[in-house]
Amino acid sequence: MNNNLHVYNTLTKRREHFITKEEGHVRMYVCGPTTYNFIHLGNARPIVVFDTIRRYLEYLGYKVTYVQNFTDVDDKIINKAKEEEENPLALADKYITEYFTDADRLMVKRADIHPKVSEHMEEIINFVKNLEKKGYAYEVEGDVYFSVRKFVDYGKLSGRSIDDLLSGARVEVDQRKKDPLDFALWKKAKSGEPAWDSPWGQGRPGWHIECSAMSCKYLGEEFDIHGGGYDLVFPHHENEIAQTEALMDAPMARYWLHNGFITINQEKMSKSLGNFFLLREIMEKFDPMVIRFYLLATHYRSPLDFDDEKLRVAQKGLERLSNSYSQLLNGLKISGQYDNGKKIRQAAEKACIEFQGAMNDDFNTALAIAVLFDLAREVNTYLREPQLDKTSLGEAQKVFDDLLAVLGISLGKEVNGTGNIDGLMNLIIILRQNARAAKNFKTADSIRDHLQEIGIVLEDGTKGTLWKHEGEAADLLEKIMEVIINIRQIARKNKDFKTADLIREELKNVGIIIEDAPQGTSWK
RNA sequence: GGCGACAUAGCCAAGCGGUAAGGCAGAGGACUGCAAAUCCUCUAUUCCCCGGUUCAAAUCCGGGUGUCGCCUCCA
């Protein structure tokens, strides 16, 4: 495939031309979470980043095989399960479900395969067995270790030598190991812990082996992209490389991509520091799209500092795009055939080219978003024209849609259903009550008639006015809004600004903003 | 102690040898019954500091300073 994509490879510490092993097909593996809690914002970054990378590769026309694992057998899970007196695997499963709830809201596409450790014991055991057979692993009393010194390239990813690592060792060394840096491939079971049968007795896998075994199973040797957070470079990915390449005598992956950290006051957000924010806590205050936008507004390898203010800024930025887009859709409705659209068509084409240029440069989403802002300005400018060309505007919309889809950002109006409808109906009823009080029965009846047309029946009783709805509820909110805007239009025409402003104020209270423009009134 | 990354306007943030994107905030103007949205203009002679290479450096090299990360579980 002919592309101009360059990616930064942690392995070579350089930006390299991206060439897949197999023409037109990207095989990628991303380290997923250990599921013993809801995910936090730090977990969300790689999820969103690599989802975006995947989307861009697909946009370029690649077939992408995307594998993201779940670590569901692990010390932390076992401990948490003990605390909560639950079965460890059930607990892990529960948080896998919760993971999808969060990831879905962030518009993260499902991986093609989401392998779990617990379902790949056979592969893992075979992997370890073969390493043992090749002399890279040894057993000590039911534990199996990888012999680091046997793998000559050890340290090539994290850029350090075994001796560097030894001098910096901060952990107590298990004396049974041949070398302090040797790491566990298989751990002997302690009583009460989940365990599986193996040639070395009851036990469970070490941390790193799962990714080697599962990536090997689903992607084979030398797959194209291996991704994860920067903190996985050492020891996790270093050890994966050692295990995999020792066994296969082939490179594990061609490109190693690592995202930078989320920080709080410039300090890494992490579970061990306790300064983390659960994604769903943040989603209570901010729309998931705002969070995604915020995550993508900085290049993925840079650190990203988090606080509410930064999300508010992201929200403002996203609103700018959102305003532009919904006004584009409005403009499309009243557009026709005119020949004044050249400039907007050029802008759309330029945006497309520049967007690709940005993404081709190691997935520079920050720049790509700037391109979107430029397009939005061009669109906004064009929208002020008295006549709008449907074809040109349509092209702009297509570009908007395509590029936003790559970033995984949706700008659709979010409708909350019944809550809003109740509020709106209350408003209409008050307005109508006012009209009736002023003996303006013509207006009052007109409101009732209009509501009748959309299937809403008003009943005036001694305790006030009740309403009920019959028939199709699909576009109810839109239809009600039409009626309200209509009422307000009439009020404005009659210079009854008090009523018009009251309507605007009340709508604001239920979260709807009215905008008067020369081409008519719109809402969001 | 070992290894590594980063330092750009009030804030966030692109930039990868050719003369400082974009967003937010702010100022002024246009539009408007008001408001919002939108449009136009302005806001870094300069990119932490000091040297060097080059016709040309925010970008490359050397030395400082500061911040952060990894070396233990972590995305």
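This text gives an overview of the structure that appears in the document. Keep in mind that this is a model prediction, so the values were computed, not measured.

Section: the pairing of strand β5 (residues 137-140)
In this sheet, strand β6 (residues 143-146) lies alongside β5 in antiparallel orientation, the contact comprising four bridges. When the bridges of β6 are listed, Glu139 appears paired with Val144. Following β5, the chain reverses through two residues before pairing antiparallel with β6; Glu141 in that reversal takes a positive phi of roughly 50 degrees.

Quick notes on the packing of helix α1 (residues 41-59) against helix α13 (residues 390-407)
Packing of α1 against α13 brings their axes to within 7 Å, and their N-to-C directions diverge by 135 degrees. Here α1 lies oblique to α13, going by the angle between them. For the pair formed by α1 and α13, the contact residues are Thr52, Arg55, Tyr56 and Tyr59 on the first element and Leu403, Ala405, Val406 and Leu407 on the second. Its residues assigned to classes, the contact of α1 with α13 shows six nonpolar, one polar and one charged.

Some points on the nonpolar core
Within soluble globular proteins, side chains that are nonpolar tend to cluster in buried spots. By size, the foremost hydrophobic cluster in this structure holds 83 residues, and its most contacted members are Met28, Leu41, Leu57 and Ile291. No other element matches α1, which puts nine residues into this core. When residues of this core are assigned to domains, at least three map to each of domain 1 (6-259) and domain 2 (289-407). Apart from the residues lying within four places of it in its own chain, the contact partners of Met28 are Phe50, Ile53, Arg54, Leu57, Val64, Thr65, Tyr66, Val67, Leu219 and Ile225. Counting 42 residues, the second largest nonpolar core, distinct from the first, contains Tyr29, Ile125, Val148 and Trp256.

Concerning the environment of Val379
Inspection of the secondary structure assignment puts Val379 in helix α12 (residues 365-382). Once the C-alpha coordinates of Val379 and Tyr325 are considered, the two residues, 54 residues apart in sequence, prove to be 8.4 Å apart. For Val379, the contacting residues outside a window of four places in its chain are Ser324, Leu328, Ile344, Ala396 and Phe400.

Concerning helix α9 (residues 288-296)
Counting buried positions along α9 gives nine out of nine residues, so the element sits mostly inside the fold. What α9 keeps buried is the set Pro288, Met289, Val290, Ile291, Arg292, Phe293, Tyr294, Leu295 and Leu296. For α9, the N-terminal capping position is held by Asp287, with its side-chain oxygen 2.7 Å away from the main-chain nitrogen of Met289.

Comments concerning helix α17 (residues 497-509)
A rise of 1.5 Å per residue sets the reference length of α17, with its 13 residues, at 18 Å; its end C-alpha atoms lie 18 Å apart and thus fit the reference within 8%. Within the sequence span of α17, burial applies to Ala500, Ile503 and Leu507. On an axial view of α17, the arc spanned by its buried residues comes to 60 degrees, and they lie on one face. Counted as exposed and oriented over 90 degrees from the buried face of α17: Lys498, Lys508 and Asn509. Among the residues trailing α17, Gly511 stands out with phi positive, at a value near 90 degrees.

What counts and how
Residues numbered from 1 in each chain as written. Chains lettered and ligands numbered in written order. Predicted model: local features only at pLDDT ≥ 70, side-chain atom pairs only at ≥ 80, totals over all residues. Heavy atoms only, no water. Pairing = 2+ DSSP bridges. Helix = DSSP H or I, 4+ residues; strand = E, 2+ residues; numbered from the N terminus. Axes fitted to C-alpha atoms, helices over the stretch in contact; angles between N-to-C directions. Parallel < 35°, antiparallel > 145°, perpendicular 65-115°, else oblique. Contact = heavy atoms within 4.5 Å. Nonpolar A, V, L, I, M, F, W, Y, C, P; charged D, E, K, R; others polar. Core = buried A, V, L, I, M, F, W, Y, C linked by side-chain atoms within 4.5 Å. Buried < 20%, exposed > 50% of the residue type's maximum accessible area, 1.4 Å probe, protein only. Domains from an automatic or database assignment. Polar contact = N/O pair within 3.5 Å; in protein donor to acceptor, adjacent residues only side chain to side chain. Expected span 1.5 Å × (residues − 1). Arc of directions from axis to C-beta.

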